[in-house]
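Descriptive structure summary
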Amino acid sequence: MSQFANYIGGQWVESDKLSRNVNPSNLDDVIGEFAQADAAQTHQAIAAARAAFPAWSQSTPQQRFDVLDRVGTVILERKAELGKLLAREEGKTLPEAIGEVGRAGQIFKFFAGETLRVGGEIVPSVRPGMTVEITREPLGVIGMITPWNFPIAIPAWKIAPALAYGNCVVIKPADLVPASTWELVRIIAEAGAPAGVINLVMGRGSVVGEILVESEGIDAISFTGSVATGRAIGAKCVQKGKKFQLEMGGKNPMVVLDDADLDVAVEACVNGSFYSTGQRCTASSRLIVTEGIHDRFVEAVKTRLSKIRVGDALDESTQIGPVVDERQLEQDERYIAIAREEGGTVFGGERVERATRGFFLAPALVTGTTPDMRINREEVFGPVASVIKVKDYNEALAVANDTEFGLSAGICTTSLKYANHFKRNVQAGMVMINTATAGVDYHVPFGGRKGSSYGPREQGSYAREFYTTVKTSYVFSGAI
Ligand code: NDP
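1. Digging into the domain arrangement of the protein chain
- If you check the domain split of the protein chain, you get domain 1 (3-249 + 443-474) and domain 2 (253-433).
- Relative placement of domain 1 and domain 2: their C-alpha centres are 30 Å apart.
- Taken together, domain 1 and domain 2 are joined by one salt bridge.
- With a closest N to O distance of 2.9 Å, D28 and R357 form a salt bridge.
- Our count for the contact surface shared by domain 1 and domain 2 stands at 16 residue pairs in polar contact (both at pLDDT 80 or more).
- Those elements that place two or more of their residues in the side of domain 1 that touches domain 2 are β5 (26-35), α3 (79-90), α4 (94-114) and α8 (227-240).
- It is α3 that contributes the most residues to the side of domain 1 that touches domain 2, four residues altogether.
- Residue composition of the side of domain 1 that touches domain 2, grouped by class: 11 nonpolar, 11 polar and 11 charged.

Right under this line is the structure:
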């Protein structure tokens with residue numbers, strides 16, 4: 001059985017405690033045993049990052065460009081192999097996994113370019129003989145805590161900007177899926193990142209994650225995961241006076257209006273709700289459909305779902321892979337049962353047997369639901385979507401906004417009037433017109449509002465808001 005060590009201060013450091021990474025498509029396939037960092041190793045990683053910070057923060061943009069650019073090149077060259085690993089550990093289909101790896105590679109390429117674009121401003125002072133300079137500096141050591149559903153893209157979209165702007169990193173990936181992040185860290189190390197600039201400490205959030213949040217040696221925390229964990233981390237960061245950024249859950253609405261192109265709407269909803277096994281923070285979990293198109297839409301979605309192939313993530317014919325683990329599968333089933341008890345009608349949603357032992361669940365569409373039901377208020381995080389029938393656009397918009405979340409929102413319509421109004425008035429960080437709520441570009445800001453996000457946006461050049469701090473300098477040149 002292959003064993004994988006933590007990466008601390010430029011060394012691969014083994015640990016007595018190991019955690020098994022199991023393929024959710026085939027429970028007999030163990031990807032490897034991954035070291036669980038203890039408290040001492042986590043503190044060592046933080047100390048190594050602190051020691052590396054002075055030199056890395058003063059490195060030239062060219063040095064950082066070269067490292068990030070090489071990382072991007074290697075990831076893109078190894079896309080197929082890394083995608084296979086990702087599909088094996090997380091369960092998204094091979095094309096989805098290769099797509100995620102490709103995205104990670106492009107993110108490194110983008111942020112290689114960002115090292116050259118930091119710049120600053122020179123502003124005339126209101127006082128004679130004075131000039132004001134506004135510049136950006138790195139924050140220091142960033143602690144990163146990531147979830148299981150994008151095992152390479154989320155670490156990439158945190159690590160790449162952190163390094164680009166001159167910070168050092170200690171990352172703790174989700175315990176369930178450490179392999180893709182492990183490979184990513186190895187690529188960064190081999191691309192020439194100096195010892196201590198990138199550190200990997202695998203293990204439980206309750207051990208490793210808590211130390212990162214509490215440690216005086218960590219200047220800022222970038223977290224993606226559930227609302228409960230995120231809010232607890234945020235509260236601790238406030239107490240410690242640490243900068244933090246939280247990307248959390250969603251209950252994303254997709255509105256389908258009477259005038260929608262039915263094929264476009266069905267494609268957007270099936271993709272947004274069920275692909276990647278619905279395990280995307282941007283998944284469309286509430287389908288809000290006006291009454292004139294409701295029945296035709298529901299029938300068309302059911303027809304599509306009945307033909308969808310659920311199975312082994314590595315099988316070429318599979319369109320929806322397994323649920324990530326037993327705990328998540330039970331959560332999906334619990335919500336399907338609750339929806340039924342509350343009066344919803346469930347299509348699909350049963351466990352599926354395949355040649356291998358795995359966590360296979362047929363996608364579930366719950367019809368006849370109302371906005372107050374739990375299925376429409378709480379994040380399920382699986383291949384489960386509910387349909388809410390509404391009278392008209394105004395009711396659809398009100399229902400779309402009737403949630404504590406605000407990550408992504410979509411509308412399917414052929415009306416420019418409704419599309420524009422929705423774009424302006426829906427309470428979400430990202431809006432999609434005639435396309436799925438999930439699936440975004442890598443060079444533009446990503447994030448939400450309300451209970452979904454806290455702090456500056458991730459990705460694109462907006463990422464610099466989090467990973468840098470602003471300095472205002474006054475230069476008095478005097479009179480000649
Ligand atoms: P969790 O909140 O359970 O875990 C996220 C990370 O936090 C894991 O690495 C976990 O460690 C760690 N953690 C757990 N407890 C603590 C603690 N006390 N202190 C510090 N770290 C801790 O989320 P999931 O992994 O289950 O991910 C699913 C969630 O992520 C969903 O709610 C989803 O919406 C959200 N998400 C949001 C995205 C966004 O950008 N808005 C993108 C993707 C997902 P451990 O490995 O031990 O569990």
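What follows picks up the thread again.
2. Comments concerning the site of the ligand
- Close to the ligand lie 27 residues, the nearest being D175, G205, S226, M248 and E379.
- A distance of 2.7 Å separates an oxygen atom of the ligand from a polar backbone atom of G205.
- M248 places a main-chain nitrogen or oxygen 2.6 Å from a nitrogen atom of the ligand.
- Compared with its free state, where it exposes 910 Å², the ligand has 88% of that area covered by protein.
- For the shell around the ligand, the element with the highest residue contribution is helix α7 (residues 205-214), accounting for three residues.
- Among the residues making up the shell around the ligand, the classes are represented as 12 nonpolar, nine polar and six charged.
- When residues of the shell around the ligand are assigned to domains, at least three map to each of domain 1 (3-249 + 443-474) and domain 2 (253-433).

3. Some points on the pairing of strand β7 (residues 130-138)
- The pairing of strand β6 (residues 121-124) with β7 spans four bridges and is classified as antiparallel. Bridge pairing links V123 to V132 in β7.
- The hairpin formed by β6 and β7 contains five residues between the paired strands, and G129 there has a positive phi angle of roughly 75°.
- Where β7 meets strand β21 (residues 468-476), nine bridges bridge the pair, whose relative direction is antiparallel. Opposite T131, over in β21, you have V475 as the bridge partner.

4. A short note on the packing of helix α9 (residues 262-274) against helix α10 (residues 291-307)
- It is the contact of α9 with α10, at a shortest axis distance of 10 Å, that shows an interaxial angle of 55°. By the angle between their axes, α9 is oblique relative to α10. For the element pair α9 and α10, the recorded crossing hand is right-handed. Contacts from L262, A265, V266, E267, C269, V270 and F274 in α9 reach I293, R296, F297, A300, V301, R304 and L305 in α10.
- Of the residues that constitute the contact of α9 with α10, the class distribution is 11 nonpolar, no polar and three charged.

5. Points about α7
- Residues V208, G209, I211, L212 and V213 constitute the buried set of α7.
- Buried residues belonging to α7 abut α1 (39-57), β8 (141-145), β9 (168-172), β11 (220-224) and α8.

6. Observations regarding the pattern of salt bridges
- If you walk through the whole model with that rule in mind, you get 25 salt bridges.
- The salt bridge partner of R78 is E81, with a shortest N-O separation of 2.8 Å.
- Here R78 falls in the buried class, since its relative accessible area comes to 19%.
- Relative accessible area serves as the criterion here: at 44%, E81 is assigned to the partly exposed category.

7. Here we look at the sheet that holds β7
- Ordered in space as β6-β7-β21, the three strands form an open sheet in which the pairing is antiparallel. On the outer flanks of this sheet lie β6 and β21, each paired with one strand and no other. Looking at each pair of strands side by side, their axes are set apart by 25° on average, direction ignored.

8. A short note on the packing of aromatic side chains
- Evaluated as defined, the whole model comprises 11 aromatic pairs.
- Seen in terms of ring centroids, W157 and F446 are 5.3 Å apart; in terms of plane orientation they differ by 45°. Their pairing is tilted. Here W157, found in helix α5 (residues 153-164), pairs with F446, found in the loop between β19 (430-433) and β20 (453-454); they are 289 residues apart in sequence, far enough to count as distant. The exposure classification of W157 matches that of F446, with both residues buried.
- Pairing F466 with Y467 gives two aromatic rings, centres 4.9 Å apart and planes at 90°, and the pair type is edge-to-face.

9. Description of the sheet that holds strand β13 (residues 252-256)
- With mixed pairing, the seven strands of this open sheet are ordered in space as β15-β16-β17-β14-β13-β18-β19. Whereas interior strands pair on both sides, the edge strands pair on one side only; in this sheet they are β15 (345-348) and β19. The sheet shows a mean angle of 20° between the axes of neighbouring strands, taken without regard to direction.
- Where strand β18 (residues 408-412) and β19 come together, four bridges link them in parallel fashion. In the strand pairing of β19, S408 is matched with M430.
- Contacts from α10 reach β13, β14 (284-290), β15, β16 (364-369) and β17 (384-390) within the one sheet, and its direction differs from that of β14 by about 140°.
- Where helix α13 (residues 416-425) meets the sheet, it contacts β13, β18 and β19, and its direction lies at approximately 170° from that of β18.

10. Description of the nonpolar core
- By size, the foremost hydrophobic cluster in this structure holds 90 residues, and its most contacted members are F108 and I159.
- Per-element accounting of this core gives the leading share, nine residues, to α5.
- Excluding its chain neighbours within four sequence positions, the residues that come into contact with F108 are L68, V71, G72, I75, A156, I159, A160, L184 and I188.
- Y275, I308, L365 and A385 belong to the second-largest nonpolar core, a separate cluster that totals 27 residues.

11. Overview of unusual backbone geometry
- One non-glycine residue, F381, adopts positive backbone phi at about 70°.
- Its place among the elements puts F381 in the loop between β16 and β17.
- Exposure remark for F381: the relative accessible area of 17% places this residue in the buried category.
- Of note in this structure, Q459 is not a glycine but carries a positive phi near 70°.
- Its location among the elements puts Q459 in the loop between β20 and α14 (464-467).
- Since its relative accessible area comes to 1%, Q459 is described here as buried.

Rules and cut-offs
Residues numbered from 1 in each chain as written. Predicted model: local features only at pLDDT ≥ 70, side-chain atom pairs only at ≥ 80, totals over all residues. Heavy atoms only, no water. Domains from an automatic or database assignment. Salt bridge = Lys/Arg side-chain N within 4 Å of Asp/Glu carboxyl O. Polar contact = N/O pair within 3.5 Å; in protein donor to acceptor, adjacent residues only side chain to side chain. Helix = DSSP H or I, 4+ residues; strand = E, 2+ residues; numbered from the N terminus. Nonpolar A, V, L, I, M, F, W, Y, C, P; charged D, E, K, R; others polar. Near = heavy atom within 4 Å. Areas by Shrake-Rupley, 256 points an atom, 1.4 Å probe, with all protein chains shown as cover. Pairing = 2+ DSSP bridges. Axes fitted to C-alpha atoms, helices over the stretch in contact; angles between N-to-C directions. Parallel < 35°, antiparallel > 145°, perpendicular 65-115°, else oblique. Left-handed = near helix turned anticlockwise from the far one by under 90°. Contact = heavy atoms within 4.5 Å. Buried < 20%, exposed > 50% of the residue type's maximum accessible area, 1.4 Å probe, protein only. Phe/Tyr/Trp six-rings, centres within 6.5 Å; stacked < 30°, edge-to-face > 60°. Core = buried A, V, L, I, M, F, W, Y, C linked by side-chain atoms within 4.5 Å.

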